[in-house]
Each structure stands twice: as structure tokens, then as C-alpha cells.
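Each chain, letter by letter, is given below.
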Amino acid sequence: MSEHYDVAIIGAGMSGLAAGIRAAHFGKKAIILEQHNAPGGLNSFYAKDGRKYDVGLHAMTNFVPAKERRAIFNKLLRQLRIDRAELDLIEQKSSRVAFPGVNLRFGNDEALLEAEVERLFPGQIDGFVRLSVAIRNYPDLDLNQPYHSTRKWIKQFVTDPLLEEMIFCPLMYYGSAVEDDMDVGQFVIMFRSIFHEGLARPAEGIRLLIRVVLDRYRKLGGIRKMKTGVKQLIAEDGKISRIVLQDGSEVTADVVLSCAGLPETYALVDPSLVPDESNQAGKLSFSETIAVYNSLPETWGWGDDTIVFFNNAERFSYRNPADPIDLRSGVICLPNNFEFGDRPLKEGLVRVTCLASHDNWCGYSDEEYEKAKTDWFERIQKSILPMMPPSTREYAGDLVATDMFTPRTVKKFTRRARGAIYGSPEKVKDGRTSWDNLFLCGTDQGYLGIVGSMLSGVVMANEHVLKG
Ligand SMILES: Cc1cc2nc3c(=O)[nH]c(=O)nc-3n(C[C@H](O)[C@H](O)[C@H](O)COP(=O)(O)OP(=O)(O)OC[C@H]3O[C@@H](n4cnc5c(N)ncnc54)[C@H](O)[C@@H]3O)c2cc1C
């Protein structure tokens, strides 16, 4: 006899864990089924040669002070009954968007960005302020809004193409599954969460957040099975009647919530579908290099930038590249440059994210793959030199460890079609699928990033597990 649950959640990513807490808190019998041995999904951690690395953390978006009770981040923590102090959050210093000859700085006080726009684009400031107001007043989280192109929408506010690209660069890199454009709803969410609100990180990194969330779920009696992939979802009479696990055993549930992704979830019901070949598969994937140094960036004269969103090309392009890596733009994250005060990280860290091609990286033999990683690591490190203060140029001798991940890594560990971190360009905002009791949550429901995916888990659990 297979075990029956009120809700079965596919994936112990941030959305699945948040949905699990919500369901368990209201007395639902919940199980989370995760194929990997580590929790967190795209946002996890690992150890290599005795050193701990975060996978998915540059920064948590949506940071606001605790007193702003109506802000999304504080509401999310209340819904999950997580005490903010447990997360030991530290704020960014400041970040910048670096285009040839122009640096636009922003921080956790939105006045900085406004002052920068006024200084660098004086003719655009009125439009920028109107844009900011329109974003503040945009209808909240409407689950039924169709896709609207931000490229068209933004022109009523911002008419300088350079400023438009500089606004898009961080918002696309931190949350667009669409090439060279964004859905207005998604743009609004990202603008608020990065420019109106801000960036912070748990002092200890992502493992602290995951520990707090897992602890909460466990204390509520939630069940979690790791290394337990879902192999197939059996549909009968328009509903999922059985969940077949990788080891051949089965469980049943009134409601199934999947954070595996849109084409990936449909392929679980119909194994003849290949997620990578689906029109709904994401087109955008990324590589990331991690360089660990004996010394801290501030000792090289690079102590101010927390994150640099850069573009060296005449026009910013946010597309799946033809080459393995697009070196023209990217994101540099300096984890040391949060406000650590008198408890700095022990080693210096520089992470660089670039657009990367799934087909190239997943087409290599093992040997070609290792060689390509070594080559591209070097090329990426060279490509960021123009963004670094001249005083930092000698720091390379201090390097103690490196790592690099590619679309192939993302696909292997999370099963995301085409290694697409931001999932499908088609988002299903109400979470509904072709089956009455199967719902999506997380990335392909439409809220991205750490805070977004947790919010998605909460909203989908409220809507389909608690109300339903
Ligand atoms: C390198 C990188 C850097 C990032 N940086 C940031 C950042 O700085 N700030 C930020 O806010 N966000 C960042 N993100 C994005 C953020 O991590 C994700 O948006 C978020 O974690 C997505 O959560 P999710 O729950 O929707 O999906 P996922 O994390 O993908 O969770 C899905 C889970 O389902 C599991 N699964 C899939 N198929 C099955 C199956 N058949 N059976 C069982 N389990 C299955 C997977 O193993 C996975 O654990 C980053 C991501 C990456 C990869």
C-alpha cells in the first residue's frame, strides 16, 4: 500500500521548502521529494577540497528594514514564521552598472540611483522619477496578467537608449527568462526588489538560510526524502492519481506541487516529451567562475563594489550566445564587500556570471568539457579587467582556489531543461496545469530568485493546498 499525503512537493528548492512550511504549518501532511542529495535546488552549496562554496547566492533581493512591515520580504518571513534575526542579514555596500565610460551606482537607499540618473542623464530624470512612481503604483501580483513587452512600455518614461539598457542590465541578469526583453509584471517585480528595496546576504551565506528553512519545516512535522527523484506522474481522469519514484515505489497525494519547471513537469506526466526539445524550455543559461584569494578585495583597492553589472559592447545583448560564453557582459559579485564590519570573511572571493550556451557546454565530451572550462575561466578573468580599479591588477598571484560551473552543471544537479536557471519564458502565474490537482510553483510560476521563489511557494500553497 502506498503512503498517502495531503500534498506532495516535487523538489526541495527554495519554493518547495517554502510551500512545505506553509502546508505543514496548517496541519497538512506534507512530503517533499528531491532527486539530489542536497537541498536548495538552484540555490545550494557544496564543498570542494575542504572549502565551502555557495552555488546560487550573489545577494538576496527585496531587502528592507524590519520596521517596513508591509514590504514583501517581511510579509514572507511572517508567513513562514521565520524570525528575521535568525538570518543574520548584512546589507550591500553599493553596486554599479558599468557600461563603456559610464558608471551608474545604486544601493539600498533608492535616492542614490535617482541622484546618479540626475547626474549622468539630466534630461531623463523627470521620466525616470515617473517610471519609479508608475512601478510603485503598478497593480500587485495579479496572477492573470498576460505578457506585455517592457521595451515598448518603458519608452513613455525613458527615451535615452543608453539609460534604458543600463536599467535593463541588472534586472535581466537577476531575473529574466526572456531574451532582450521582459514582461512588464516581471520588470516591475525586479525593479522594486533591486532598486526600490535592496540587496543583502545572510552573513554565513546560503547554507544559513537553508538551515533555518529546513529546521522550520522539520519542526512542523514535514517529511523530506532526499535522493528520491520523481520518475513519473500517473494521470487518470484528469488528475494525478499516483507518483512513481525513481526506485519504483509509489506515493499518492491530494495535491501535487512541482517546482521542477514547466516542460520538466509535463514530461513527468508524459515521458515521451523531452524537456530540452520543448518550445517552453528556457533559452538562457549562465556560467559562473569562482576565484578564491588569500587576501581581501579591499586590500587591493576594490572595497566599494558589492556587485558590478557590466557591459563592454556598444549595445547590451541578453541572448543565448553562439559562442560557449558571451564575454561582452556579465555580473561580478564580491561577497566580501557586504557590510561585514568587524567580522570579515577570511578569504577574498570574486564570482563572475556570464551568459553561456547550453548546446556548446552540453555537447562536449568529458575531456573537451574540462579543457573548455580551463580556457574560458582564463578568458573570463581577463574580460573583467576593465571593470576593476587599476590598483587591483596585481592581485592574481594571490589566487588559492577556483571553480566554475556551466549550463551542464545546472542541468546535472537540478534537471532544468537546457540548464536554464530562470526556467521557461512562458510563466504560469496561477500555477495551473492540464491536471486538476497538479500545480507549478517556483521559477516557472513566475517569481524568480531566492525571495521570489519562496514567495511563489507560499502563494501557491495558500491558493491550491490551503484554500483548495
Ligand atoms: C549560479 C546561480 C546564481 C544565482 N544567484 C542568485 C542570487 O544572487 N540571488 C537570488 O535571489 N537568486 C539567485 N539565483 C536564482 C535562485 O537560486 C533561483 O531563482 C531559485 O533558487 C529557484 O528556486 P525554485 O524552487 O524555483 O527552483 P529550483 O531551485 O530549481 O528547485 C527545483 C528542485 O526540484 C528538484 N527536481 C527536479 N526534478 C525533480 C524530480 N523529477 N524529482 C525530484 N526532484 C526534482 C531539483 O533537484 C531542485 O532541487 C541564482 C541561481 C544560480 C544557479
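Just so it is clear, the structure is predicted and the values come from calculations on it, not from any experiment.

Turning our attention to the overall build of the protein. Scanning the protein from terminus to terminus reveals 13 helices and 18 strands. Each of the three principal axes of the protein carries a C-alpha extent, and together these read 65 × 50 × 45 Å. A buried classification covers 58% of the 468 residues belonging to the protein. Sequence separation of at least 24 residues holds for 73% of the intrachain contacts in the protein that already meet a minimum separation of 6. Accessible area for the protein stands at about 19,400 Å²; split by element, carbon and sulfur atoms hold 50% of it. Within the protein, one finds 57 positive and 62 negative side-chain charges whose respective centroids are separated by 4 Å.

Here the second largest pocket defines a volume of roughly 730 Å³. Lining the second largest pocket are 33 residues, with Arg 70, Ala 71, Ile 72, Arg 192 and Glu 197 positioned closest to its centre. Only α2 (72-79), α7 (184-197) and α13 (449-466) provide two or more residues apiece to the lining of the second largest pocket. Here the lining of the second largest pocket takes 7 residues from α7, the largest share from any one element. Here the residues of the lining of the second largest pocket sort into 14 nonpolar, 9 polar and 10 charged. Shared between two domains, the lining of the second largest pocket takes at least three residues from each, and those domains are domain 1 (3-86 + 204-280 + 423-466) and domain 2 (105-196).

This part is about the side chain of His 358. You can see His 358 is positioned in helix α10 (residues 358-363). Given a relative accessible area of 7%, His 358 falls into the buried group. A polar atom in the side chain of His 358 sits 2.9 Å from the side chain of Asp 359. Reaching out from His 358, the side chain makes a polar contact with the side chain of Lys 411 at a distance of 2.9 Å.

The next thing to look at is helix α3 (residues 110-120). For α3, the complete set of buried residues consists of Leu 113, Glu 116 and Val 117. Seen end-on, α3 carries its buried residues on one side only, within an arc spanning 100°. Residues of α3 that are buried in the fold lie against β7 (102-106), α4 (125-137), α6 (161-173) and α7.

Further remarks concern unusual backbone geometry. At Arg 81, a position not held by glycine, the phi torsion is positive, near 55°. The residue Arg 81 is located in the loop between α2 and β5 (89-91) in this model. Arg 81 gets classed as partly exposed once you look at its relative accessible area, which sits at 40%. With a phi angle near 65°, Arg 415 is a residue other than glycine that sits in the positive phi range. Mapped onto the fold, Arg 415 is located in the loop between α12 (407-414) and β18 (438-440).

What the domain assignment reports for the protein is domain 1 (3-86 + 204-280 + 423-466), domain 2 (105-196) and domain 3 (283-413). Both faces considered, domain 1 and domain 2 share a buried interface measuring about 1,300 Å² in area, 61% of it formed by carbon and sulfur atoms. It is Lys 429, Tyr 447 and Leu 448 that lose the most area in domain 1 upon contact with domain 2, and together they represent 39% of the buried surface on that side. The tally of links from domain 1 across to domain 2 stands at 1 salt bridge. Where Lys 429 meets Asp 183, a salt bridge forms, and the shortest distance between an N and an O atom there is 3.0 Å. Across the domain 1-domain 2 interface, the total number found is 3 residue pairs in polar contact (both at pLDDT 80 or more). Here the residues of the side of domain 1 that touches domain 2 are counted per class, giving 6 nonpolar, 7 polar and 3 charged.

What counts and how
Residues numbered from 1 in each chain as written. Predicted model: local features only at pLDDT ≥ 70, side-chain atom pairs only at ≥ 80, totals over all residues. Heavy atoms only, no water. Helix = DSSP H or I, 4+ residues; strand = E, 2+ residues; numbered from the N terminus. Buried < 20%, exposed > 50% of the residue type's maximum accessible area, 1.4 Å probe, protein only. Contact = heavy atoms within 4.5 Å. Areas by Shrake-Rupley, 256 points an atom, 1.4 Å probe, with all protein chains shown as cover. Lys, Arg positive; Asp, Glu negative; His and termini not counted. Charge placed at Lys NZ, Arg CZ, Asp CG, Glu CD. 1 Å grid on protein atoms, 1.4 Å probe; cavity = no way out; pocket = protein on both sides within 12 Å on 5 of 7 lines; lining within 4 Å. Points joined across faces, edges and corners; volume = space filled by probe spheres on them. Nonpolar A, V, L, I, M, F, W, Y, C, P; charged D, E, K, R; others polar. Domains from an automatic or database assignment. Polar contact = N/O pair within 3.5 Å; in protein donor to acceptor, adjacent residues only side chain to side chain. Arc of directions from axis to C-beta. Buried area = accessible area lost by both parts, 1.4 Å probe. Salt bridge = Lys/Arg side-chain N within 4 Å of Asp/Glu carboxyl O.

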